[in-house]
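Working through the structure, step by step
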Amino acid sequence: MAREKQPEAAAEAESAPERSYREQLGNLNPIAQPLASRKLTRKLYKCIKKAAKHKQIRRGVKEVQKFINKGEKGITVLAGDTLPIEVYCHIPIMCEDRSLPYAYVPSKSDLGAAAGSKRPTCVIMIKPHEEYQEAYDECLEEVEALPLPL
């Protein structure tokens, strides 16, 4: 039975049209601040794809939290549509305490796809690397320019 359902689910996922940035904004959490603009979101996804090729990303709440505590530097990208928010609401506070830049993007499924995973991901840390340093620096500059929540 389970084998029959999987191809149907895969076919539905492939035939489902990709939701626009504006449509994704309807599912945001109240804590999703600072939110990346549409342009910055695309840049962050591209940077995540490049970082994933070089294995320079940390994926998931436990892994990101562990490496933030160890003092690792990088850009933290959080999904704005993760529920319940208690799962990852402590990550921005940890980033602020350690002066790490962070930003929210509207979709956890797009965030997971950018990292090369079929599963949605609620938080990713992009580590700097010389292979994509230019894209990383551009993203870093724009993320740091975003206003922090009050």
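A short tour of the structure in this document, coming up. Given the structure is predicted, the values throughout are model-derived calculations rather than measurements. (Residues numbered from 1 in each chain as written. Predicted model: local features only at pLDDT ≥ 70, side-chain atom pairs only at ≥ 80, totals over all residues. Heavy atoms only, no water.)

1. Details of the overall build of the chain
Looking only at helices and strands, the chain has 7 helices and 4 strands in total. Listing each helix as α and each strand as β along the chain from the N terminus yields α-α-α-β-α-β-α-β-α-β-α. Going through the 150 residues of the chain one by one, you find that 43% of them count as buried. For the chain, the share of sequence-separated contacts (at least 6 apart) that also reach a separation of at least 24 residues comes to 80%. When the accessible area of the chain is evaluated, it comes to approximately 9,300 Å², of which 51% is carbon and sulfur surface. (Helix = DSSP H or I, 4+ residues; strand = E, 2+ residues; numbered from the N terminus. Buried < 20%, exposed > 50% of the residue type's maximum accessible area, 1.4 Å probe, protein only. Contact = heavy atoms within 4.5 Å. Areas by Shrake-Rupley, 256 points an atom, 1.4 Å probe, with all protein chains shown as cover.)

2. Notes on the sheet that holds strand E2 (residues 75–79)
A sheet is described by the order of its strands in space; here 4 strands give the open sequence E1-E4-E2-E3, paired in mixed fashion. Two strands close off the open sheet at either side, each with one partner strand: strand E1 (57–59) and strand E3 (102–105). Strand-to-strand, the axes of this sheet are offset by a mean angle of 20 degrees, without reference to chain direction. Strand direction decides the pairing type here: E2 and E3, joined by 4 bridges, are parallel. Pairing of leucine 78 across the sheet is with tyrosine 104, part of E3. (Pairing = 2+ DSSP bridges. Axes fitted to C-alpha atoms, helices over the stretch in contact; angles between N-to-C directions.)

3. Describing a negative patch on the surface
Taken together, the side chains of Glu134, Asp137, Glu141 and Glu144 define an acidic patch exposed on the protein surface. Locating aspartate 137 in the fold gives a position in helix H7 (residues 133–145). The class of aspartate 137 is partly exposed, set by a relative accessible area of 36%. (Patch = residues over 30% accessible without salt bridge, like charges linked within 9 Å, V, L, I, M, F, W, Y side chains within 5 Å. Salt bridge = Lys/Arg side-chain N within 4 Å of Asp/Glu carboxyl O. Lys, Arg positive; Asp, Glu negative; His and termini not counted. Charge placed at Lys NZ, Arg CZ, Asp CG, Glu CD.)

4. Section: unusual backbone geometry
Cis rather than trans, the peptide bond between glutamine 33 and proline 34 has omega equal to 0 degrees. Structurally, proline 34 is set in the loop between helix H2 (21–24) and helix H3 (38–53). For the peptide bond that leads from leucine 83 to proline 84, omega is -10 degrees, which places it in the cis range. Within the element layout of this structure, proline 84 appears in the loop between E2 and helix H5 (91–97). We note that lysine 55 has phi near 55 degrees; this positive angle belongs to a residue other than glycine. The topology assignment puts lysine 55 in the loop between H3 and E1.

5. Examining helix H4 (residues 61–69)
What sets the pattern is the α-helix's 3.6 residues per turn: residues three or four places apart point alike. Buried residues of H4: Val61, Val64, Phe67 and Ile68, and no others. End-on, the buried residues of H4 take up no more than an arc of 145 degrees, which puts them together on one face. Where H4 is buried, its residues meet E1, E2, H5 and strand E4 (123–126). Positive backbone phi, at 95 degrees, marks glycine 71, one or two positions downstream of H4. (Arc of directions from axis to C-beta.)

6. Regarding the environment of valine 61
Along the polypeptide, valine 61 turns up in helix H4. Each residue touching valine 61, except ones within four places of it in the same chain, is listed here: Val87, Tyr88, His90, Ile91, Cys122 and Val123.

7. Side note on H7
A rise of 1.5 Å per residue sets the reference length of H7, with its 13 residues, at 18 Å; its end C-alpha atoms lie 18 Å apart and thus fit the reference within 8%. In this structure, the buried side of H7 is in contact with H3, E2, E3 and E4. (Expected span 1.5 Å × (residues − 1).)

By themselves, these are just geometric observations and shouldn't be taken as functional.
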